[in-house]
Amino acid sequence: MRLVSFLQVLLLLGIAAYLALVTLENPGVIRLPLPTGSGELTVPVGMAVTLFLGLGVLFTSLLLLPGLWRERLRRAREARLRRQAEERLTATLQARLGALPETTDPEVTA
């Protein structure tokens, strides 16, 4: 879990640094420096906003994924334990009902 948190922080820092670079550029057409440092990508503002929105969604999903995964595992474990308990109770009830002596009630036979 610490690795996922570390990756989340690195991604957030990368997004923040990228946004800082973008704010220094021309607002009409945005020049996005490539991570390799060998050039830049020129895109309209709308496409840049869409790109950063997508990165934000990716980051948010990385933040939520560990909690959702834990909840799913917890629910599966609880369902399995509940099913096992029901099976044990059913087996116990069947064993007790099978061990009851038969009663001959005169009202039932008449």
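Scroll up for the structure.
Rules behind the numbers
- Residues numbered from 1 in each chain as written.
- Predicted model: local features only at pLDDT ≥ 70, side-chain atom pairs only at ≥ 80, totals over all residues.
- Heavy atoms only, no water.
- Helix = DSSP H or I, 4+ residues; strand = E, 2+ residues; numbered from the N terminus.
- Buried < 20%, exposed > 50% of the residue type's maximum accessible area, 1.4 Å probe, protein only.
- Contact = heavy atoms within 4.5 Å.
- Areas by Shrake-Rupley, 256 points an atom, 1.4 Å probe, with all protein chains shown as cover.
- Salt bridge = Lys/Arg side-chain N within 4 Å of Asp/Glu carboxyl O.
- Core = buried A, V, L, I, M, F, W, Y, C linked by side-chain atoms within 4.5 Å.

*Asks:* Go over the overall build of the protein chain with me, naming the residues and quoting the values.
*Replies:* From N to C terminus, the protein chain includes three helices and two strands. Evaluated residue by residue, the protein chain yields a buried proportion of 9% over its 110 residues. In the protein chain, of all internal contacts separated by at least 6 residues, the share reaching a separation of at least 24 is 38%. Surface exposure of the protein chain reaches about 9300 Å², of which carbon and sulfur atoms provide 67%.

*Asks:* Give a detailed account of the pattern of salt bridges, specifying residues and quantitative values.
*Replies:* Tallying each qualifying case throughout the model produces four salt bridges. In this structure, the salt-bridge partner of R75 is E71, at a minimum N-O distance of 3.1 Å. Here E71 and R75 lie together in helix α2 (residues 45-99), a separation of four residues that amounts to about one turn. Owing to a relative accessible area of 27%, E71 belongs among the partly exposed residues under this scheme. The salt bridge involving R74 is made with E78; its shortest N-O contact spans 2.6 Å. Linking R74 with E78, this pair stays in helix α2, spanning four residues, or about one helical turn. R74 gets classed as partly exposed once you look at its relative accessible area, which sits at 31%. Members of the salt-bridge network, linked through shared partners, are E71, R74, R75 and E78.

*Asks:* Residue-level account of the nonpolar core, with values.
*Replies:* The biggest cluster of nonpolar side chains holds five residues, and these are I30, L32, V43, A48 and F52. Only β1 (29-33) and α2 provide two or more residues apiece to this core. Discounting chain neighbours no more than four positions away, the residues touching V43 are V29, I30, L32 and A48.

Interpretation in functional terms is not warranted from these geometric data alone.
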